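Below are the chains, spelled out letter by letter.
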Amino acid sequence: MRMPRRGLVIQARTRWLLVGLALLFSLVLLMYLLECAPQTDGNGSLPGVVGESMGKEYYQALLQEQEEHYQNRATSLKRQIAQLKQELQEMSDKLKSLQEKKTPKVNGMNYQGTKEQTSNDLLEFLHSQIDKAEVSVGAKLPSEYGVIPFESFTSMKVFQLEMGLTRHPEEKPVRKDKRDELVEVIEAGLEVINNPDEEDGQDEDDGVGDRQLYSENDFIEGYYRTERDKGTQYELFYKKMDGMEYRHVTLFRPFGPLMKVKSETVDISRSIINVIVPLAGRTEAFAQFMQNFRDVCIHQDKRVHLTVVYFGQDGLSEVKSILESVARETDFHNYTLVSLNEEFNRGRGLDMGARAWEKGEVLMFFCDVDVYFTAEFLNSCRLNAEPGKKVFYPVVFSLYNPAIVYANQDIPPPVEQQLVHKKDSGFWRDFGFGMTCQYRTDFLTVGGFDLEVKGWGGEDVHLYRKYLHGELMVIRTPVPGLFHLWHEKHCADELTPEQYRMCIQSKAMNEASHSHLGMLVFRDEIEAHLRKQAYRTNSEAVG
């Protein structure tokens, strides 16, 4: 059976079309390879010339570097675009939900705007945030304390005012979110400079070849500050190495409207807390601790178990006597005393206290004998720890030496009257991680303390880092109902150099505020000044 002539013609044309497309693809591929191939100098084609290998390696490395740069740039832009899309979608859903609630129904139907209207409303809201912030014009402030200062940064370091006790005036951004934020801001500034709009004062007719392109290496410095209810403002400065002209870019990241994440009822009425205290000696401090425990845990909270892990024999009988006395006077018997005839090790003591509990799951509060806490803190402990989900690491307010704080009084006031949050009375101990609330199963799951750590310090940081490296959420915040009472520290010679340094640092931090330490340093100068003033006053009175 013969194929019709028209079918043969179509088949032939199709074959030639495919051949043509194949040749065209081959030609394009060849041109691409020739364009991307690294160029060598005139000696590159001569065999045995050293410049051949050197030239190829140099240009290949250069091409690879450029390729990695653009890949990183593309990845960053994709990430930013995805993040912006997600945020825009969330904001749009929120505004749409609010609009549905506020818009009256007509014939059973909601009178809604279009998606474009919702997006316009969102953009209008974000722009209103810029207008309300102190970006383009100044704001009238009541005093010098109303100013929101900037913090400055370069591509490598951040210079910050609010340091606390764990941060430095100048440091590399450690937290990933802060690093990503600054990298994103620098890249966004480059995008604005290298792709200007009409409002940027550059002609659109100027081609990319006629414009001077800027890179990350041209970033000089930047400043940022955050208005909590409006957003974060960035001031960025770029300059070419051989130029005197600076490019200044102002960016603003507006905060969106508040969004509900969840709403739940938390029942803590049956939540028992096992307070675990490791101890060696220091019976007077333990008697003071038990007075606070009696007032807060026995009389007020009534949902607490006490576990005391005592090291050594010296003072053990006194500790037993204190516990038995409290039990007789208050009819409180929810306590356990674990005795270890060995050298004091805080991590081992807390570990033994956690394992001594034999009634299943329980919320544990790792505590020290010098810590004073309130009933409100115990509830914060229950609210911020959840098995398999989160652990609570409160920041303690550490009190200074009362002999220095209340030097102008004959004797320091009672402990209860010293519990105030003032600059000269104490400080937030944000370098300490010893006080923590966590569930027993979570503690055992992460492996507990590193029992190889001997003596003072270090074991609490190891445990804290285990949680940071895991999947549980770590709640870290200062709490008003948790105080560390001052006591004299002794840094033993047996400590490792790192432990000894930490001990001396803690000792210095605990003694007094900056101003009170300054008064001690310049005491002789102050006394000399007072003597001169007194002599002058007496001389004038006699004359």
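Our structure's up above, just so we're on the same page.
Nothing here was measured: the structure is a model prediction, and the numbers come from that model.

### Remarks on the overall build of the protein
Alright, step 1. A count of helical and extended segments in the protein gives 15 helices and 17 strands.
Alright, step 2. In the protein, which comprises 543 residues, the share counted as buried stands at 34%.
Alright, step 3. At a minimum sequence separation of 6, the contacts of the protein that also span at least 24 residues come to 71%.
Alright, step 4. Split by element, the accessible area of the protein, about 35,900 Å² in all, is 55% carbon and sulfur.

### Remarks on the side chain of aspartate 351
Alright, step 1. Mapped onto the fold, aspartate 351 is located in helix 7 (residues 346-356).
Alright, step 2. Non-local contacts of aspartate 351, meaning those with residues more than four positions away in its chain, are made with Phe443, Gly448, Phe449 and Leu451.

### Re helix 12 (residues 459-468)
Alright, step 1. Glu459, Asp460, Val461, Leu463, Tyr464 and Tyr467 are the residues of helix 12 that are buried.
Alright, step 2. Contacts made by the buried residues of helix 12 are with helix 7, strand 12 (363-366), strand 14 (390-399), strand 16 (436-439), helix 11 (440-445) and strand 17 (473-484).

### Quick look at the state of the cysteines
Alright, step 1. Tallying each qualifying case throughout the model produces two disulfides.
Alright, step 2. Linked covalently through their sulfurs, cysteine 381 and cysteine 437 form a disulfide whose S-S length is 2.1 Å. Classification of the bridge connecting cysteine 381 and cysteine 437 rests on its S-S torsion, roughly -125°, and on that basis the disulfide is left-handed. In this pair, cysteine 381 sits in helix 8 (residues 375-384) while cysteine 437 sits in strand 16, placing the two residues 56 residues apart along the sequence. One exposure class covers both cysteine 381 and cysteine 437, and it is buried.
Alright, step 3. Disulfide partner of cysteine 491: cysteine 503, at an S-S distance of 2.1 Å. Taking the torsion about the sulfur-sulfur bond, which here is approximately -90°, the covalent link between cysteine 491 and cysteine 503 counts as left-handed.

### A short note on empty space enclosed by the protein
Alright, step 1. Applying the stated rule across the entire model yields one cavity of 30 Å³ or more.
Alright, step 2. One number sums up the size of the largest cavity: a volume of about 40 Å³.
Alright, step 3. Lining the largest cavity are Leu399, Tyr400, Pro402, Val405, Tyr406, Gln418 and Ser425.
Alright, step 4. Its residues assigned to classes, the lining of the largest cavity comprises five nonpolar, two polar and no charged.

### Some thoughts on the pairing of strand 12
Alright, step 1. Alternating residues of strand 12 divide into Leu363 and Phe365 and Met364 and Phe366, and every residue in both groups is buried.
Alright, step 2. Note that strand 9 (residues 273-279) and strand 12 share four bridges and pair parallel. Considered in strand 12, the bridge of valine 275 is made with phenylalanine 365.
Alright, step 3. Examined bridge by bridge, strand 12 and strand 16 share four bridges and lie antiparallel to one another. Residue pairing for strand 16: methionine 364 is matched across the bridge by glutamine 438.

### Considerations on the sheet that holds strand 5 (residues 170-171)
Alright, step 1. The sheet built from six strands is open, its strands ordered 5-4-3-6-7-8 with antiparallel pairing. Two strands in the sheet have a free side with no partner beyond their single neighbour: strand 5 and strand 8 (246-254).
Alright, step 2. Judged from the nine bridges that link them, strand 7 (residues 231-239) and strand 8 form a sheet pairing that is antiparallel. In the strand pairing of strand 8, phenylalanine 237 is matched with histidine 248.
Alright, step 3. Strand contacts of helix 4 (residues 176-194): strand 3 (151-153), strand 4 (158-159), strand 6 (219-227), strand 7 and strand 8, with the helix running at about 125° to strand 8, the strand carrying the most contacts.

### Looking at the nonpolar core
Alright, step 1. Membership of the largest hydrophobic core comes to 41 residues, with the highest contact counts inside it found for Phe286, Phe289, Phe293, Phe365, Phe373 and Phe377.
Alright, step 2. Sequence-distant contacts of phenylalanine 286, that is, excluding residues within four places in its chain, are made with Leu279, Val308, Val319, Ile322, Leu323 and Val369.
Alright, step 3. Within the second largest apolar cluster, 16 residues are counted, among which are Leu350, Trp357, Phe449 and Val461.

### What about the packing of aromatic side chains?
Alright, step 1. Taken as a whole, this structure holds 23 aromatic pairs when the rule is applied.
Alright, step 2. Members of the aromatic cluster, joined through ring pairs, are Phe286, Phe289, Phe293, Phe332, Phe365, Phe373 and Phe377.
Alright, step 3. Its end group placed over the ring of tyrosine 246, lysine 239 keeps NZ or CZ at 5.8 Å from the ring centre.
Alright, step 4. Cation over ring: lysine 240 sits above tyrosine 214, and NZ or CZ is 5.2 Å from the ring centre.

### Structural notes on the side chain of asparagine 401
Alright, step 1. Among the secondary structure elements, asparagine 401 is positioned in the loop between strand 14 and helix 9 (402-405).
Alright, step 2. In this structure the side chain of asparagine 401 is engaged in a polar contact, spanning 3.0 Å, whose partner is the backbone nitrogen of alanine 403.
Alright, step 3. Among the polar contacts listed, one links the side chain of asparagine 401 to the side chain of glutamate 511, at a separation of 2.9 Å.
Alright, step 4. In contact with asparagine 401, other than residues within four places in its own chain, are Trp486, Asn510 and Glu511.

Rules of the game
Residues numbered from 1 in each chain as written. Predicted model: local features only at pLDDT ≥ 70, side-chain atom pairs only at ≥ 80, totals over all residues. Heavy atoms only, no water. Helix = DSSP H or I, 4+ residues; strand = E, 2+ residues; numbered from the N terminus. Buried < 20%, exposed > 50% of the residue type's maximum accessible area, 1.4 Å probe, protein only. Contact = heavy atoms within 4.5 Å. Areas by Shrake-Rupley, 256 points an atom, 1.4 Å probe, with all protein chains shown as cover. Disulfide = S-S within 2.5 Å. 1 Å grid on protein atoms, 1.4 Å probe; cavity = no way out; pocket = protein on both sides within 12 Å on 5 of 7 lines; lining within 4 Å. Points joined across faces, edges and corners; volume = space filled by probe spheres on them. Nonpolar A, V, L, I, M, F, W, Y, C, P; charged D, E, K, R; others polar. Pairing = 2+ DSSP bridges. Axes fitted to C-alpha atoms, helices over the stretch in contact; angles between N-to-C directions. Core = buried A, V, L, I, M, F, W, Y, C linked by side-chain atoms within 4.5 Å. Phe/Tyr/Trp six-rings, centres within 6.5 Å; stacked < 30°, edge-to-face > 60°. Lys NZ or Arg CZ within 6 Å of the ring centre and 35° of its normal. Polar contact = N/O pair within 3.5 Å; in protein donor to acceptor, adjacent residues only side chain to side chain.

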